[in-house]
Amino acid sequence: MSRDICVHTWPCSYYLELEKRWIPGKLSLTSLSLKFMTDKTGDTLVHFPLSSIIEIKKEASRFIFRSLTVLEKDHVKHWFSALQPGRDAVFQVIEHFWRELLLSQPAAAMEASSSHVTKGQELTGLMACSQKRLEDAATVLHHQGEQLDSIVSGLDKIECDLDVADRLLTELESPSWWPFSSKLWKMPSDTKPSLDSSMASSKALGKAGIVIRVPAVIFQRTDSHVKPGRLTVLVSGLEIHDSNSSLIHRFEKEDVDDIKVHTRYEISIRQRFTGKPDIAFRLISAKMPEVIPILEMQFSKKIELLEDDLMLRSTRTASPEEKDYSVWHAASRLMDCARLQEPSGSQEGGPLQLQMSEPLISQGNTQELRQILGKLKGLALDAQTELERQDEALDGIATAVDRTTITIDKQNRRMKKLT
């Protein structure tokens, strides 16, 4: 459990069956295990993996009031009481991580046997994680490009409307005996429908532009007010739903004032108001490590990594899900090692017999790495092309906005003269 990172800690009491008494201490939940440490001596009384849990229940009896019980596979039952801030909040968080671990048993089993994973398999996992990150970034980039195209289309329609307004103003400024008909007063028939269709397409894009959706435990206002639900990251903002898929709140991208990353499993989102309470949510999820990189990309100026999370990032060891900044150096280094360790056939005996040992990377892993690297290269080139296209589109939008602003100011002055 070297990679087992603490998710949350709650003050509580544990019932020690041997001594028939309650012992005060702290219950700590990690991504893979649950443990209880005493306050007085700091000793660990119980420590067991989440995968060994059969049942988690909220119970009460004539001896114990509002307790949480955990039943293991060997039918050992653990009793926890006096949970702060409340039994329901602790139950929701522990049950969430337990269920998510059960749903991802193959991945958990692979992580549990990580000591037996070869270097090639570890590197393949790192590369696959990098590919997923790049695919997520490409998805966001694609939706961003569609939004820019919609903006360009909207600006073109605004310029067409301004041309019509210019002709109308010209007719109004002309004397009454001007020998032209009043056809300029008629609006083009296709202007309004196309605008409505553009708005409808942009709304459809906002609904379909889902980047990632993860289950989460939602805290609102106080730590005791907790409910299960899910967090949805959209291109245009964030949505929080409850377990019945009812929308609790939607944050537009520009409405989010700050996002704080407390740990790799816990974040808080806030929208500030003047004269009324802020809207704030705190979310805990076992899938949050997949969401945080996307939030860092979408809300780069609004996201804040707190001190605890920064220390955690600096001290924890690399894993396929968390840390892939050194993938390229590791890939080149291990590929070189693999080539060096291939037996040449012409060299025999002596110290060179060490080269006949098992290579760090098998031929199958090498082939898989080549395929992933090829996909990464293609994704990177496509992303570069899309970024260059969006840069040109942004330049065109800036020019069109300046031109439209000048035209509107000019027409406003002309309308003031008419009045």
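Here, the structure is the one placed above.
Residues numbered from 1 in each chain as written. Predicted model: local features only at pLDDT ≥ 70, side-chain atom pairs only at ≥ 80, totals over all residues. Heavy atoms only, no water.

Q: When you look at the overall build of the chain in this model, what are you seeing that I'm missing?
A: Check the secondary structure of the chain and you find eight helices and 15 strands. Considering only contacts in the chain between residues 6 or more positions apart, those separated by 24 or more positions represent 54%. Of the accessible surface of the chain, which amounts to about 24,800 Å², a share of 56% is contributed by carbon and sulfur atoms. (Helix = DSSP H or I, 4+ residues; strand = E, 2+ residues; numbered from the N terminus. Contact = heavy atoms within 4.5 Å. Areas by Shrake-Rupley, 256 points an atom, 1.4 Å probe, with all protein chains shown as cover.)

Q: Can you walk me through the side chain of Ser268 in this structure?
A: As for its placement among the helices and strands, Ser268 is situated in strand S13 (residues 266–271). A polar side-chain atom of Ser268 sits 3.0 Å from a polar atom in the side chain of His262. Contacts of Ser268, omitting those with residues within four sequence positions, involve Asp258, Ile259, Lys260, His262, Phe281 and Arg282. (Polar contact = N/O pair within 3.5 Å; in protein donor to acceptor, adjacent residues only side chain to side chain.)

Q: Looking at this model, I keep getting lost on the side chain of Glu59. Mind explaining?
A: Relative to the assigned elements, Glu59 resides in strand S5 (residues 53–59). Judged by its relative accessible area of 17%, Glu59 falls in the buried class. A distance of 3.1 Å separates polar atoms of two side chains, one belonging to Glu59 and the other to Lys77. Those residues in contact with Glu59 that lie beyond four places of it in its chain are Arg66, Ser67, Thr69, Lys77, Trp79 and Arg87. (Buried < 20%, exposed > 50% of the residue type's maximum accessible area, 1.4 Å probe, protein only.)

Q: Honestly, helix H1 (residues 87–103) in this entry has me stumped. Any pointers?
A: Helical periodicity: at 3.6 residues per turn, an α-helix aligns residues three or four positions apart in one direction. Over its 17 residues, H1 extends 24 Å from the first C-alpha to the last, a length consistent with the 24 Å expected when each residue adds 1.5 Å. For H1, a buried count of 13 out of 17 residues is recorded, marking the element as mostly surrounded by other parts of the structure. (Expected span 1.5 Å × (residues − 1).)

Q: Which parts of the structure should I look at to understand the nonpolar core?
A: Where a protein is soluble and globular, its nonpolar side chains tend to be buried together. Counting residues in each nonpolar core, the largest one holds 32 residues, and the members touching the most others are Leu27, Leu29, Phe80 and Ile94. Mapped by element, the contributors of at least two residues to this core are strand S1 (6–16), strand S2 (21–30), strand S3 (33–38), strand S4 (44–49), S5, strand S6 (67–72), H1 and strand S8 (210–220). A total of eight residues in this core trace back to one element, the largest contributor, which is H1. With sequence-adjacent residues up to four places away left out, Ile94 is seen in contact with Trp10, Leu27, Leu29, Leu34, Ile56 and Leu68. Counting residues in each nonpolar core, the second largest holds 26 residues, with Ala216, Phe281, Ile292 and Phe299 among its members. (Core = buried A, V, L, I, M, F, W, Y, C linked by side-chain atoms within 4.5 Å.)

Q: What is the right way to read the sheet that holds strand S9 (residues 226–234) from this model?
A: Within a sheet, adjacent strands bond to each other through the backbone by hydrogen bonds, running parallel or antiparallel. One open sheet accounts for eight strands, arranged S11-S10-S9-S8-S14-S13-S12-S15; its pairing is mixed. Both edges of this open sheet fall to strand S11 (247–252) and strand S15 (303–305), since each of them pairs with a single strand only. Neighbour to neighbour, the strand axes of the sheet diverge by 30 degrees on average, direction disregarded. With five bridges connecting them, strand S12 (residues 258–263) and S13 associate as antiparallel partners. Counterpart to Asp258 in the pairing with S13 is Arg270. Set on the sheet, H1 makes contact with S8, S9 and strand S14 (279–284); between it and S8 the angle comes to about 150 degrees. Where helix H5 (residues 288–298) meets the sheet, its contacts fall on S8, S9, strand S10 (237–242), S12, S13, S14 and S15, and the angle it forms with S9 comes to roughly 45 degrees. (Pairing = 2+ DSSP bridges. Axes fitted to C-alpha atoms, helices over the stretch in contact; angles between N-to-C directions.)

Q: Looking at this model, I keep getting lost on the sheet that holds S3. Mind explaining?
A: Read from one edge of the open sheet, seven strands run S4-S3-S2-S1-S7-S6-S5, paired in antiparallel fashion. Only two strands of the sheet have a single neighbouring strand rather than two, namely S4 and S5. The mean angle between the axes of side-by-side strands here comes to 30 degrees, regardless of whether they run parallel or antiparallel. Of the pairings in the sheet, the one linking S2 to S3 comprises five bridges and is antiparallel in character. Within the sheet, the bridge partner assigned to Ser28 lies in S3 and is Lys35. Most of the contacts of H1 go to S5, to which it runs at about 165 degrees, and overall it touches S1, S2, S3, S5 and S6.

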